[in-house]
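Chain by chain, the residues:
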Amino acid sequence: MHRINSTSRSFFVLVALLLWFMPHSANGQTSARDSDVWRSFSSAQKRYAFFGFIDCRKPAFPPTKTIRYNADDRTYKRVDELADKSTNPMGQLMLDAMKEVPPARADVHAEHGSVDDGMLWRGLLDQEKQAYVQGVFWCAQISNANTTISQQSIQQVVQKLNDWYVVTDDDWKDPRSNARVDVPVISALQKIEVLRFTAAKAK
Amino acid sequence: MAQQQSSQIQSLVDAQNAAMSNGKYQPTTDSNGNLTTHCSEAACAIAKGTGTNLTGILYDAKGNNYDANTQINNLANSSGYHAVTPEQAQALADKGVLVFGTQHGARHGHIASVRPEGVDSNVRGRSGPILANVGIFNGVAHQSAVMTPAHGAIVYYAPN
């Protein structure tokens, strides 16, 4: 009987670890792990997962209607409910939840029009950054050929973005900091070759 | 005197905590990726929470907030407020004084109150005064994680 030697055992452990840290595949149904990840998120992480999801979805599927769905606490709660009874991919659940929750009335007292850029990236905590990238991955999961994402772990992508935005430059002395701060995170993900979009066909 | 200052610090911290954790002030995004943030509303709430009357500066007579750029212009033109250095801003906040960090913006500005030092263990960023930020994220952060000089002058305003 063939026995697994220690080298082979190490190989299998390595493969298992790689599989665990690899991002979710860009097709197929949501694994139990996706919904577990969602449920494990804090309210803030759910918010930034949606930010990443929407930022990723927008370039591949430019809005054709004037209706703007909102992602807010009601939407996160609806995803909780959908995740309990559906095996659809997490990105689909997020999309469904946005469409099911009525748009909120415009808040006249708020500030509007910012985008998720380097300033957001600098301000987020590490776990919020991970949630943002997870949201991008969940978007890619349901975008078929329109959105392709490189096979890297979420933490690897977070680190690459930290490096690209030079977040360690707290005094804004590195010329790259100010040159890149206004670049949307989703564009930065393309620049560091994590994400690639191809235009969706018009219907 | 020390007791009064301690109570003033606590009042400021409580008002900031209430604003940062207020569900109404959390940033949201719509399906087109447009963000809605609430720094100007939070500035009003913190002023009111600390018992500071800023009618005509941060909000109108009905209590409705002005947008951030208007608030910043009003602070700059107010006889009751003056610009201070970042170091002075932090020192005053450490005594419980309500001080605002501001940045006038082309589309919209940003305003946040300065947070007393030593209250929080997990502060985002590393340089500049500490701010109780309500905006694209709600939490305590150094200036470097909230504003970049590339977006315009960062000015702190303290009461006379």
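Residues numbered from 1 in each chain as written. Chains lettered and ligands numbered in written order. Predicted model: local features only at pLDDT ≥ 70, side-chain atom pairs only at ≥ 80, totals over all residues.

Asker: Got a minute to help me understand the sheet that holds strand β1 (residues 70-71) of chain A in this structure?
Answerer: Sheet strands pair via backbone hydrogen bonds, and the direction of the pair is either parallel or antiparallel. The 4 strands are arranged β1(A)-β1(B)-β2(B)-β2(A) in an open sheet whose pairing can be described as antiparallel. Each edge of the open sheet carries a strand with a single partner, namely β1 and β2 (111-114) of chain A. Examined bridge by bridge, strand β1 (residues 28-30) of chain B and strand β2 (residues 35-37) of chain B share 2 bridges and lie antiparallel to one another. Its bridge partner lying in β2(B), T29(B) is registered against L35(B). (Pairing = 2+ DSSP bridges. Helix = DSSP H or I, 4+ residues; strand = E, 2+ residues; numbered from the N terminus.)

Asker: I'm lost on the interface of chain A and chain B in this one. Help?
Answerer: For interface size, the figure often reported is the accessible area lost on association. Residue-level contacts link 33 residues of chain A with 35 residues of chain B. For the side of chain A that touches chain B, the elements supplying multiple residues, two or more each, are α3 (43-60), β1, β2 and α6 (118-123) of chain A. Per element, the largest residue contribution to the side of chain A that touches chain B is 6 residues, and it comes from α3(A). A breakdown of the residues in the side of chain A that touches chain B according to their chemical character gives 15 nonpolar, 7 polar and 11 charged. Of the strand pairs in this sheet, β2(A) and β2(B) are connected by 3 bridges, and their pairing is antiparallel. Across the sheet, the residue bridging to H112(A) is T36(B), located in β2(B). (Contact = placed C-beta atoms within 7 Å. Nonpolar A, V, L, I, M, F, W, Y, C, P; charged D, E, K, R; others polar.)

Asker: What is the right way to look at the nonpolar core in this model?
Answerer: Note that soluble globular proteins tend to have their nonpolar side chains buried in a common cluster. Residues and elements named next belong to chain A. Grouped together as the largest cluster of nonpolar side chains are 51 residues, with contacts concentrated most on F53, M94, Y132, V136 and V185. Only α2 (32-40), α3, α4 (73-85), α5 (90-100), α6, α7 (126-141), α8 (154-165) and α10 (185-191) provide two or more residues apiece to this core. Ranked by residue count, the leading element in this core is α7, at 8 residues. Not counting residues up to four positions away in its chain, the partners in contact with Y132 are Y48, A49, F51, G52, L124 and V185. (Core = buried A, V, L, I, M, F, W, Y, C linked by C-beta atoms within 7 Å. Buried ≥ 20, exposed ≤ 12 C-beta atoms within 10 Å, placed from the backbone.)

Asker: Which parts of the structure should I look at to understand the sheet that holds strand β4 (residues 100-103) of chain B?
Answerer: Residue and element names in this part refer to chain B. In space, the 6 strands of this open sheet follow the order β3-β8-β4-β5-β6-β7, with antiparallel pairing throughout. Edge positions in the sheet fall to β3 (81-84) and β7 (139-142), since each has one partner strand and no second. Sheet twist, expressed as the average angle between the axes of neighbouring strands with direction ignored, equals 40°. Note: β3 against strand β8 (residues 154-159), 4 bridges, orientation antiparallel. (Axes fitted to C-alpha atoms, helices over the stretch in contact; angles between N-to-C directions.)

Asker: How should the environment of K77(A) be read in this particular structure?
Answerer: Residue and element names in this part refer to chain A. Tracing the chain through its elements places K77 in helix α4. Look at K77 and you get partly exposed, because 14 C-beta atoms sit within 10 Å. In this structure the C-alpha to C-alpha distance between K77 and S43, which are 34 residues apart in sequence, comes to 9.6 Å.

Asker: Can you walk me through the confidence of the model for chain A in this structure?
Answerer: It should be kept in mind that the predicted coordinates are not to be read in detail where pLDDT is low. Put simply, chain A has an average pLDDT of 80, and 76% of its residues get 70 or more. Predicted confidence for residues 12-28 of chain A stays below pLDDT 50, and this span has 17 contacts to residues more than four positions away or in other chains. (pLDDT = per-residue confidence, 0-100.)

Asker: Explain the environment of A71(A) here, please?
Answerer: Note on placement: A71(A) falls in strand β1. Taking the number of C-beta atoms within 10 Å as the measure of exposure, A71(A) has 25 and is therefore buried. Taking the C-alpha atoms as reference points, A71(A) and A104(A), 33 residues apart in sequence, are found 9.2 Å from one another. The residues touching A71(A), leaving out its near neighbours within four places in the chain, are F50(A), I54(A), M98(A), T28(B) and T29(B).

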